Structure formats: C-alpha cells, structure tokens
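Residue-level listing of the chains:
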Amino acid sequence: MPHDPPPPTTSRSWHLGGDAAERYEAVLVPAILGPAAASFVDRVGPAAADTVVDVGCGTGAAVRRVEAHLAASGRVVGVDRNPAMLEVARRTLEGGSAEWLEGDAVALPVGDGFSDLVLSAQSIQFFPDRSGAMREMVRIARPGGRVAVSVWCPLPRSPYFHALVETMATHIGPDTAAGLGAAFGLSDRDALAALLAEAGLDSVEIVEDSVDLTLPLPATFVPIHVQATPMGRGWSDATDGDRAAVVEAVDRRLRDYREGGELRIPFRQYVAVGRRPA
Ligand SMILES: C[S@@+](CC[C@H](N)C(=O)[O-])C[C@H]1O[C@@H](n2cnc3c(N)ncnc32)[C@H](O)[C@@H]1O
C-alpha cells in the first residue's frame, strides 16, 4: 500500500530509526515501557475472544501482554507508522499470533467497527493530530466497544524522569531534554478526559496507575537509557564532563529510592478508558 515517507528523526516526535528501534526494545521495554504497558493492559482487561488493535504499537510491548489475555479466537493487530519499530516487533514476537500493519494514527488501515478494544500505550502524546487520532480509534471500535489510552502523569509524579529531564536541561540543553519532556505532553488529566469525550466516547474513566520498577543505579542506567531515546544525539554531542554531571545530579536526587545496588522507584501513568456508544 503506498504511504507517505516517515518524517525525519526529531527529538520530539519519537521517530526512532534503525538501531534506535533495537535499543528501544533492548533497553526501554524491559526497564520501563514493558512493565508500564503490561500494567495498562491488565487494568483494561481484554476479553479472551476480543479483536484488539494497538495504535502506536512500537516494538510490541502492549501487544505482547494482550496476547497473554487472548484465547485462540481472539486477535491482536499492532499499528505503527515507523517501519523500523514494526520490524523489531515482528522479529521479537515471531511465532505469536499478532498481526502488524504500517499506518498512521489518523488513517488507521482497518475498517469501521473492526475492534472490540482499541489500545494506545504511551503514544498519543506524540501524535501531531491527537483529536484526529482519537476519532480514528473511535471509528475502528465497534459500537459498544472500548478505547483505552495510557499517558504519563505529570512529570513530578515519576521521580526518575523528573530528575533526568531537569538535569539534562541544565547540563546538556533544553532542546535535548525536550526529547523526553515530549512524553509528558498530554499529562493534564482534564485535557485527557476532554480528548476522549470530544471524540465521542461515553463513560470515560481515568485512573492513576503506579508501576514500581527496579532500575540499575543511574551511573549504569542513565547512559544506556538516554541513548535509546531521542535524547541520544544531544547526549553524544555533549562533553564527558556534562554527561558525568547529569549522572551525578540524577544519582543525588534519587538517593531515597536506593535499595541495595538498585533503584526501587515509581512510574505513574494515567489509564483512560471510554466506550463507543452502542
Ligand atoms: C514511545 S513509543 C510507544 C510504543 C509502544 N506503545 C510502547 O508502549 O512501548 C511511541 C510510538 O508511537 C509511534 N507513533 C508516533 N506518531 C505516530 C503516528 N502518527 N501514527 C502511528 N504511530 C505513531 C512511534 O513510531 C512509536 O513507535
């Protein structure tokens, strides 16, 4: 199917090319996005026979968890506009039942009413046209079907991200920090509720989901984490001294979360669910 070429890599769009998609799967998914997606999917609770579409599926963090909820009669389709992410998803979940489609959130490549449940995990904040994407998600939900999205709560609610964004802005620069800051672009609960309601969803409910994660200490984790995100370019261009200053500052701010040789630290996301009128 013909499609527009993906946009150029920018620090804010979270469009990760080639080996960045591999690093996303190798670093971010096991440490943060995988547990967050699993918690999101478990809260939403797909039924065993559901047809589920995951919009902005990335390398398949949520799809993997959906598969665990489905029986053989269920079906899950991951959609993403970035072929590099889909390629990693296909390879990582090879042998599973998931299907993968390249497509933009504002023009989803499935028909009206296709799905019982439409999901989008930590993605809608990056879509240039959030309202258009939400209307598309409602279009592909069956009447009476559900649409569910997860987005991070405001930055200070996730102390690791908060420390990292602030120290990156101070020592490396606000443009680079914006690469992670963009993940918090839809962290206003009222704005999130309005987005779902204005797209035509009923019975919208939003809960705060706290996911307690164990991370390596900042000296180990910060460099590998940053290089798996759109902040990687600014990080590579920075001096050794500035990079060391970021690690030290993050380490200092997160002392209270140390448990032995690790950090035990909460990440908080909103889980918003609405129903397409029957
Ligand atoms: C932070 S990643 C989240 C991926 C996955 N849902 C997860 O939880 O790991 C955001 C994803 O949204 C995708 N994305 C961004 N804009 C998009 C758009 N307009 N249409 C479809 N996917 C998009 C990106 O390619 C990326 O895979």
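Bear in mind that the values here come from a model prediction, so they are computed numbers and not experimental data.

Asker: I'd like a rundown of the environment of Arg-146, residues and numbers included.
Answerer: Here Arg-146 lies in strand S5 (residues 141-152). For the pair Arg-146 and Gly-181, spaced 35 residues apart in sequence, the C-alpha to C-alpha distance is 29 Å. Excluding residues within four positions of it along the chain, Arg-146 makes contact with Val-44, Gly-45, Pro-46, Asp-116, Leu-117, Val-118, Ala-141, Val-273, Gly-274 and Arg-275.

Asker: Before we move on, could you go through the packing of helix H5 (residues 159-171) against helix H8 (residues 218-226) and cite the residues and values that matter?
Answerer: Where H5 meets H8, the closest approach of the two axes is 13 Å, and the angle between their N-to-C directions is 70°. The angle between H5 and H8 places the two elements in the roughly perpendicular class. For the pair H5 and H8, the contacting residues are Tyr-160, Phe-161, Leu-164 and Met-168 in the first and Phe-221, Val-222, His-225 and Val-226 in the second. Of the residues that constitute the contact of H5 with H8, the class distribution is 7 nonpolar, 1 polar and no charged.

Asker: Kindly report on the site of the ligand, identifying the contributing residues and their values.
Answerer: Close contacts around the ligand come from 19 residues, with Tyr-24, Gly-56, Asp-80, Ala-105 and Ala-121 the closest. The contact in question runs from a nitrogen atom of the ligand to an N or O atom on the backbone of Arg-81, over 3.4 Å. Its free accessible area being 600 Å², the ligand has 98% of it covered by the protein chains. At a threshold of 2 Å from the grid points, most atoms of the ligand map onto the largest pocket. For the shell around the ligand, the class distribution of residues is 10 nonpolar, 6 polar and 3 charged.

Asker: I'd like a description of the environment of Pro-46, backed by residues and values.
Answerer: Relative to the helices and strands, Pro-46 is located in the loop between helix H1 (18-44) and strand S1 (51-55). Using a relative accessible area of 7% as the deciding quantity, one classes Pro-46 as buried. Distance in space between the C-alpha atoms of Pro-46 and Glu-99 is 17 Å, their sequence separation being 53 residues. Apart from the residues lying within four places of it in its own chain, the contact partners of Pro-46 are Val-41, Val-52, Val-66, His-69, Leu-70, Leu-117 and Arg-146.

Asker: Can you explain the pairing of strand S2 (residues 75-80)? Please cite residues and give values.
Answerer: The buried count for S2 comes to 5 of 6 residues, which makes it a mostly enclosed element. Pairing of S2 with strand S3 (residues 99-102), which is carried by 4 bridges, proceeds in the parallel orientation. Directly across from Val-77, in S3, lies its bridge partner Glu-99. A crossover connection joins S2 to the parallel S3 through helix H3 (residues 83-92); in handedness this β-α-β unit is right-handed.

Asker: Help me get a handle on the pattern of salt bridges, residues and values and all.
Answerer: Counted according to the given criterion, the structure contains 16 salt bridges. Salt-bridge contacts for Arg-91 lead to Glu-22; the nearest nitrogen and oxygen are separated by 2.8 Å. Of the two residues, Arg-91 is situated in helix H3 and Glu-22 in helix H1; the sequence distance between them amounts to 69 residues. Its relative accessible area of 33% is what places Glu-22 among the partly exposed residues. Salt-bridge contacts for Arg-268 lead to Glu-208; the nearest nitrogen and oxygen are separated by 3.9 Å. Of this pair, Arg-268 sits in strand S8 (residues 262-275) while Glu-208 sits in strand S6 (residues 202-216); the two residues are 60 residues apart in sequence, bridging distant segments of the chain. Accessibility expressed as a relative area gives 30% for Glu-208, which makes it partly exposed. Connected through shared salt-bridge partners, Asp-112, Glu-136 and Arg-139 make up one network.

Asker: Kindly report on the side chain of Arg-268, identifying the contributing residues and their values.
Answerer: Here Arg-157 takes part through its backbone oxygen, which lies 2.8 Å from a polar atom of the side chain of Arg-268. Discounting residues that sit within four places of it in the chain, Arg-268 has contacts with Trp-152, Cys-153, Arg-157, Ser-158, Glu-208, Asp-209 and Ser-210.

Asker: Before we move on, can you summarise the environment of Val-226 with the specific residues and values?
Answerer: You can see Val-226 is positioned in helix H8. The exposure class of Val-226 is buried, given its relative accessible area of 0%. For the pair formed by Val-226 and Pro-128, sequence separation is 98 residues and the distance between their alpha carbons is 23 Å.

Rules of the game
- Residues numbered from 1 in each chain as written.
- Predicted model: local features only at pLDDT ≥ 70, side-chain atom pairs only at ≥ 80, totals over all residues.
- Heavy atoms only, no water.
- Helix = DSSP H or I, 4+ residues; strand = E, 2+ residues; numbered from the N terminus.
- Contact = heavy atoms within 4.5 Å.
- Axes fitted to C-alpha atoms, helices over the stretch in contact; angles between N-to-C directions.
- Parallel < 35°, antiparallel > 145°, perpendicular 65-115°, else oblique.
- Nonpolar A, V, L, I, M, F, W, Y, C, P; charged D, E, K, R; others polar.
- Near = heavy atom within 4 Å.
- Polar contact = N/O pair within 3.5 Å; in protein donor to acceptor, adjacent residues only side chain to side chain.
- Areas by Shrake-Rupley, 256 points an atom, 1.4 Å probe, with all protein chains shown as cover.
- 1 Å grid on protein atoms, 1.4 Å probe; cavity = no way out; pocket = protein on both sides within 12 Å on 5 of 7 lines; lining within 4 Å.
- Sits in = over half its atoms within 2 Å of the grid points.
- Buried < 20%, exposed > 50% of the residue type's maximum accessible area, 1.4 Å probe, protein only.
- Pairing = 2+ DSSP bridges.
- Right-handed = clockwise from strand over helix to strand, strands pointing away.
- Salt bridge = Lys/Arg side-chain N within 4 Å of Asp/Glu carboxyl O.

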